[in-house]
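# Tertiary structure, described
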Amino acid sequence: MNADLRRERESASFHTERLTHLLDGGPEKTRRRREIETLALNDPELQHKEVNFLTCSERYDVAVKKSSLMVRKIQEHAISNPEEIMSFKRYVHRGRPEPLDLHLGMFLPTILNQATPEQQDRFFIPAWNLQIIGTYAQTEMGHGSFIRGLETTATYDPSTQEFVLNSPTVTSIKWWPGGLGKTSNHAIVLAQLYTQGQLRGLHAFIVPIREMGTHKPLPGVVVGDIGPKFGFDDVDNGFLKLENVRVPRENMLMRYAKVLPDGTYMKPPSDKLTYGTMVFIRSMIVGESARALSQACTIAIRYSAVRHQSELKPGAPEPQILDYQTQQYKLFPLLATAYAFCFVGNFMRDMYHRITGDMNDGDYSQLPELHSLSAGLKAFTTWVASTGIEECRMACGGHGYSRCSGLPDIYVTFTPTCTYEGENTVMMLQTARYLFKSYTRAKSGQRLSGTVSYLNDLCNHIQPQQVAGRPPLANLDNVTRLVEAYKLRAANLVEGAVQSYHVELGCRINKEEAWNSTAIDLVRASGAHCHYVVVKLFAAKLSEITDGSIHNVLCTLFRLYALHGISKNSGDFLHAGIFNDHQISQVHQCVKELLAAVRPNAVALVDAFDYPDAILSSVLGRYDGNVYEHMFEWAKRSPLNQNEVHESFHKYLKPLQSKL
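It should be emphasised that the depicted structure is a prediction, and the values quoted were computed from it without experimental measurement.

Next up on the list: the overall build of the protein. Counting its secondary structure elements, the protein contains 23 helices and 11 strands. If one aligns the C-alpha atoms of the protein with their principal axes, the spans along those axes are about 85 × 80 × 60 Å. When the accessible surface of the protein is summed, it comes to about 28,800 Å², and 54% of that surface belongs to carbon and sulfur atoms. Of note, the protein has its 69 positive side-chain charges centred 2 Å away from the centre of its 68 negative side-chain charges.

This is the structure:
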């Protein structure tokens, strides 16, 4: 063990294992998570060599092999809980995307949530046994986040009781679905339904795309891989063009909407139910934001404790770079953010399951809020986490640029979340529509509940300026006061965006132009709303903690998260009259003091995330801190080092030298 890391761990003020239990949801969940982790990481069949030294085709081959083994192992170990299945998958593939991601994460859940019992009997077990290998084909070359604009058509033919699916334009070709390029033999295709001569909107269809046994594309199906991407080297993201492909009427997922044999259409209870899988994935992405950012923080903070550089005092030994205030300012707010996102991710998971249960009982009343919050928090957390991962990489200096650090892989794997399952700006505008409607309802006298209930205060004429006259915040450790500040900021920006819209509406031809001219204000309001929700949920978590030492350290992280956010967005708080100049100066000073307060526990706080070295896949973030020895060993495994003299020397350089 590196002496610096040993000293950091010994000086922690809390019991790391107890904090791990808190993050997992209890000791039993920690035990079970580690049990699944051990099953995957210690299985000799699931071991692999360094994938960064493989070609794209080799990486895909290794990934398919491991995915196939993974499914067999899941069945052998009788792992049936969906969350445990995803954990096992994550350990098998070391957190990297893999060819069966959409089969397990979207194809199977869509069947479970949107298929009739008869359809589940027909499709689920074959899909679970990998006889059917599916993907989720929604995004097209010309349309992604604007789902209503998708062009793929499914026209019902009552004479044969079949749907005829077509890609009528180049832009309607399905583009990007993972596992579509070479792996899948079925796809859930989102298409515009036409029946009895009328357009019924988007619906989901199970479409066979490859012949069982030979795996060759079926007639009318043009399918393949879209080529190299920024990352996702192990995944065959694909394209799909459909030319008069017929599927039986029973292949339309009909749990909610239905097409009867004669073509009669029965609409669903809510038009948002078609997007159920998308909402599920957006909810899960919030947890992925926490996971990716916490891994990056673990690597950067451990390395910063091991790395010594420059001088704080002339002639003194080089200090750990974690002792520099500037390094702390880069990393500790991100550490606090990672903890905040962990709690928010758990909240979104529980909220999704709770509202899904309500919908199974016929109650769809909370679906709009789930749709709105999952969209906004997906955008908010992925923007912050993506930027934070890159900040962690740069905080590791030049070594962070090497793939041995693990940080480039975390970044290229995570950053697509800013655009898939809804481009983030579009997601923020979707949340803004919900906030706009909620504000309008509140002003009309309706009582709001849930995460927008704070807008009720606007009806009671409680304005942000009313708190400006309070004494300056000499003590910034009041959790309730900080939550209130974020609530007032969100309310102020929502109200301001609505007022801007009405001003624009008076100058524009129609509502659409007014909305577009207010879009910047609306996105800012959505961001403030999401920021408030995160702060509120973090504060709520503090009230549940009974361990005094853990409560103290998490209170410090909460204050750092909240005050750093105020410092970075001080203009909003000043403009709304929530704080004055003197109070903002106090905030800036308090942030610096909190950095020093976090410093003794920084390594223990990332240890509590409990990532084994095999998952981090980082030389810089090793638990034992023996960075430099293993960095050298990693470099020696490069394919370019397999021969002392590369063949290119004899082919190109030596002839050139002989002429000189």
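Quick look at helix H19 (residues 581–598) now. The end-to-end C-alpha distance of H19 is 26 Å, a good match for the 26 Å that 18 residues give at a rise of 1.5 Å each. Gln583, Ile584, Gln586, Val587, Cys590, Val591, Leu594, Leu595 and Val598 are the residues of H19 that are buried. Of the surrounding secondary structure, the elements contacted by the buried residues of H19 are helix H9 (325–360), helix H17 (548–568), helix H18 (570–575) and helix H20 (602–607). Two or three places before His582, at the start of H19, stands the capping residue Asn580, its side-chain oxygen 3.2 Å from that residue's backbone nitrogen.

We now examine the nonpolar core. One finds Tyr339 and Leu554 to be the most contacted residues of the largest nonpolar core, which totals 169 residues. Contact partners of Tyr339, with chain neighbours within four places excluded, come to Leu19, Leu23, Phe538, Leu554, Leu557, Leu605, Ala608 and Phe609.

In this section: the sheet that holds strand E8 (residues 238–242). Reading across from one edge, E4-E8-E7 is the order of the 3 strands in this open sheet, with antiparallel pairing throughout. The strands lining the two open edges of the sheet, one partner per strand, are strand E4 (174–175) and strand E7 (221–225).

Turning our eyes to something else, we now look at the state of the cysteines. With the rule as written, the count across this model stands at 0 disulfides. With no disulfide of its own, Cys392 lies 4.2 Å from the sulfur of Cys297, the closest cysteine sulfur.

For strand E5 (residues 186–195), the buried fraction is high: 9 of the 10 residues fall into the buried class. Strand direction decides the pairing type here: strand E1 (residues 134–137) and E5, joined by 4 bridges, are parallel. Within E5, the residue paired with Thr135 across the bridge is Ala187. As paired strands, E5 and strand E6 (residues 198–208) are joined by 10 bridges and run antiparallel to one another.

In this structure, Thr153 sits in strand E2 (residues 153–157). Those residues in contact with Thr153, other than ones at most four positions away along the chain, are Val164, Leu165, Asn166, Pro168, Ala191, Gln192 and Tyr194.

Before going further, it helps to examine the packing of helix H2 (residues 16–24) against helix H3 (residues 27–41). Taken N-terminus to C-terminus, the directions of H2 and H3 make an angle of 90°; their axes are 7 Å apart at the nearest point. The orientation of H2 relative to H3 falls into the category roughly perpendicular. Contacts between H2 and H3 involve Glu17, Thr20, His21 and Asp24 on the former and, on the latter, Pro27, Lys29, Thr30, Arg33 and Arg34. The residue inventory of the contact of H2 with H3, partitioned by class, reads 1 nonpolar, 3 polar and 5 charged.

Along E8, the buried face is formed by Gly238, Leu240 and Leu242; none of Phe239 and Lys241, which line the opposite face, is buried. Sheet analysis places E4 next to E8, joined by 2 bridges and oriented antiparallel. Paired with Trp175 across the strands is Phe239, a residue of E8. Of the pairings in the sheet, the one linking E7 to E8 comprises 5 bridges and is antiparallel in character. Within E8, the position partnered with Val221 by the bridge is Leu242.

Relative to the assigned elements, Ser13 resides in the loop between helix H1 (3–10) and H2. For Ser13, a relative accessible area of 47% puts it in the partly exposed group. Spatially, the C-alpha atom of Ser13 lies 8.1 Å from that of Val553, the residues being 540 residues apart in sequence. Residue contacts for Ser13: discarding those within four places in its chain leaves Ser549 and Asn601.

Here the protein shows a mean pLDDT of 92. Residues at 70 or above account for 97%. Counting interchain partners and residues more than four positions distant, the pLDDT-below-50 stretch residues 464–474 has 27 contacts.

The next point concerns the packing of aromatic side chains. If you walk through the whole model with that rule in mind, you get 19 aromatic pairs. Taking 5.1 Å as the distance between ring centres and 55° as the angle between the ring planes, the aromatic pair formed by Tyr156 and Phe163 counts as tilted. Look at Phe163 and you get buried, because its relative accessible area is 0%. Taken together, the ring pairs in this structure connect Phe343, Phe538, Phe558 and Tyr561 into an aromatic cluster. Above the ring of Trp515, the side-chain terminus of Arg433 is found at 4.2 Å from the ring centroid. For Lys636, the ring lying beneath its charged end belongs to Phe632, and the centroid distance is 4.7 Å.

Turning next to the packing of helix H10 (residues 367–395) against helix H12 (residues 424–443). Two packed helices can be described by the angle between their axes and the distance between those axes. Close contact between H10 and H12 brings their axes to 8 Å; oriented N to C, the two are set at 140°. Relative to H12, the crossing made by H10 is left-handed. On the side of H10, the interface is formed by Pro368, Glu369, His371, Ser372, Ala375, Gly376, Lys378, Ala379, Phe380, Thr382 and Trp383, while H12 contributes Asn424, Thr425, Met427, Met428, Gln430, Thr431 and Tyr434. Here the contact of H10 with H12 is composed, by residue class, of 8 nonpolar, 8 polar and 2 charged.

Let us now look at the pattern of salt bridges. What the rule picks out here adds up to 42 salt bridges. Here Arg32 makes a salt bridge to Glu35, at a shortest N to O gap of 3.1 Å. Of the two residues, Arg32 and Glu35 both sit in helix H3, 3 residues apart, roughly one turn of that helix. Put simply, Glu45 and Lys73 hold a salt bridge, and the shortest N to O gap is 2.7 Å. Of this pair, Glu45 sits in the loop between H3 and helix H4 (56–76) while Lys73 sits in helix H4; the two residues are 28 residues apart in sequence, bridging distant segments of the chain. Residue class for Glu45 comes out partly exposed when judged on its relative accessible area of 40%.

Quick notes on the rules
- Residues numbered from 1 in each chain as written.
- Predicted model: local features only at pLDDT ≥ 70, side-chain atom pairs only at ≥ 80, totals over all residues.
- Heavy atoms only, no water.
- Helix = DSSP H or I, 4+ residues; strand = E, 2+ residues; numbered from the N terminus.
- Areas by Shrake-Rupley, 256 points an atom, 1.4 Å probe, with all protein chains shown as cover.
- Lys, Arg positive; Asp, Glu negative; His and termini not counted.
- Charge placed at Lys NZ, Arg CZ, Asp CG, Glu CD.
- Expected span 1.5 Å × (residues − 1).
- Buried < 20%, exposed > 50% of the residue type's maximum accessible area, 1.4 Å probe, protein only.
- Contact = heavy atoms within 4.5 Å.
- Polar contact = N/O pair within 3.5 Å; in protein donor to acceptor, adjacent residues only side chain to side chain.
- Core = buried A, V, L, I, M, F, W, Y, C linked by side-chain atoms within 4.5 Å.
- Pairing = 2+ DSSP bridges.
- Disulfide = S-S within 2.5 Å.
- Axes fitted to C-alpha atoms, helices over the stretch in contact; angles between N-to-C directions.
- Parallel < 35°, antiparallel > 145°, perpendicular 65-115°, else oblique.
- Nonpolar A, V, L, I, M, F, W, Y, C, P; charged D, E, K, R; others polar.
- pLDDT = per-residue confidence, 0-100.
- Phe/Tyr/Trp six-rings, centres within 6.5 Å; stacked < 30°, edge-to-face > 60°.
- Lys NZ or Arg CZ within 6 Å of the ring centre and 35° of its normal.
- Left-handed = near helix turned anticlockwise from the far one by under 90°.
- Salt bridge = Lys/Arg side-chain N within 4 Å of Asp/Glu carboxyl O.

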